[in-house]
Every structure is written in C-alpha cells, then in structure tokens.
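Fold and geometry: a report
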Amino acid sequence: MSMPSWYDITSLASLDETASEPGIMESAGRVSNLIKEEIETGIPSERIVVAGFSQGSSLQSLTQSTNHDH
C-alpha cells in the first residue's frame, strides 16, 4: 500500500525501508528552492521560518541539515 504525501511510505509491514529516499530528497529540494525564491525576492533568510508536522517536520529537519546555501 502506497501513501503519497511529502514522500511515499512504501510499507507499514516493516520499519526497514519504509520511506522513499529519492522522494524525500526531491521534496527537500523543492522546499529549498522555495526558500531560495523568497530570498531572491528580497526576504532576508533570517526572517524565513520553515516548520511542519509529522512528515513535514521530518522534511524541514532534512532541508535544514542538508542545505547550507541559506
């Protein structure tokens, strides 16, 4: 059973390999691009806040820890 959202959960049967790494990285890239676009419009990076709940929180943490451009 597939559950599309920020990234796909491919199975609930096991805790191993239940999330799609390419999907997570693609979503993190999208969030990073949104941040970049806001900075390009003149919003200072220190005024941008990204937050989330559940998968969104995981995605926010990944984006923050892997993106050092802003």
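Cut-offs applied
Residues numbered from 1 in each chain as written. Predicted model: local features only at pLDDT ≥ 70, side-chain atom pairs only at ≥ 80, totals over all residues. Heavy atoms only, no water. UniProt positions renumbered as here; feature names shortened; annotations may be inferred. Helix = DSSP H or I, 4+ residues; strand = E, 2+ residues; numbered from the N terminus. Buried < 20%, exposed > 50% of the residue type's maximum accessible area, 1.4 Å probe, protein only. Contact = heavy atoms within 4.5 Å. Areas by Shrake-Rupley, 256 points an atom, 1.4 Å probe, with all protein chains shown as cover. Core = buried A, V, L, I, M, F, W, Y, C linked by side-chain atoms within 4.5 Å. Salt bridge = Lys/Arg side-chain N within 4 Å of Asp/Glu carboxyl O.

The protein chain appears in an unreviewed UniProt entry as Acyl-protein thioesterase 1 from Jimgerdemannia flammicorona. Quoted verbatim from the Catalytic activity (unreviewed entry) field of the UniProt record, the comment on the protein chain reads "S-hexadecanoyl-L-cysteinyl-[protein] + H2O = L-cysteinyl-[protein] + hexadecanoate + H(+)". Of the protein chain, the UniProt comment under Sequence similarities (unreviewed entry) reads exactly: "Belongs to the AB hydrolase superfamily. AB hydrolase 2 family."

Moving on, we get to the overall build of the protein chain. Along its length, the protein chain carries two helices and zero strands. Buried positions account for 24% of the 70 residues belonging to the protein chain. Restricting to contacts in the protein chain with at least 6 residues of sequence separation, those with at least 24 account for 45%. Carbon and sulfur atoms make up 53% of the accessible area of the protein chain, which amounts to about 5300 Å² in all.

Secondary-structure assignment places Ser61 in helix H2 (residues 55–66). For Ser61, a relative accessible area of 38% gives the class partly exposed. Along the backbone, Ser61 and Val50 are eleven residues apart, and their C-alpha atoms lie at a distance of 9.1 Å.

Here the focus is the nonpolar core. Formed by Ile24, Ala28, Val31, Ile35, Leu59 and Leu62, the largest nonpolar core amounts to six residues. Those elements giving two or more residues to this core turn out to be helix H1 (21–40) and H2.

Attention now moves to the side chain of Thr63. Counting through the fold element by element, Thr63 comes out in helix H2. Ignoring any residue separated from it by four or fewer positions in sequence, one finds Thr63 in contact with Ala28, Val31, Ser32 and Ile35.

Bringing the pattern of salt bridges into the picture now. All chains considered together, the criterion is met by one salt bridge. Ionic pairing is found between Arg30 and Glu26, a salt bridge with its closest N-O pair at 2.8 Å. In this pair, Arg30 and Glu26 both sit in helix H1, four residues apart, roughly one turn of the helix. For Glu26, a relative accessible area of 46% gives the class partly exposed.

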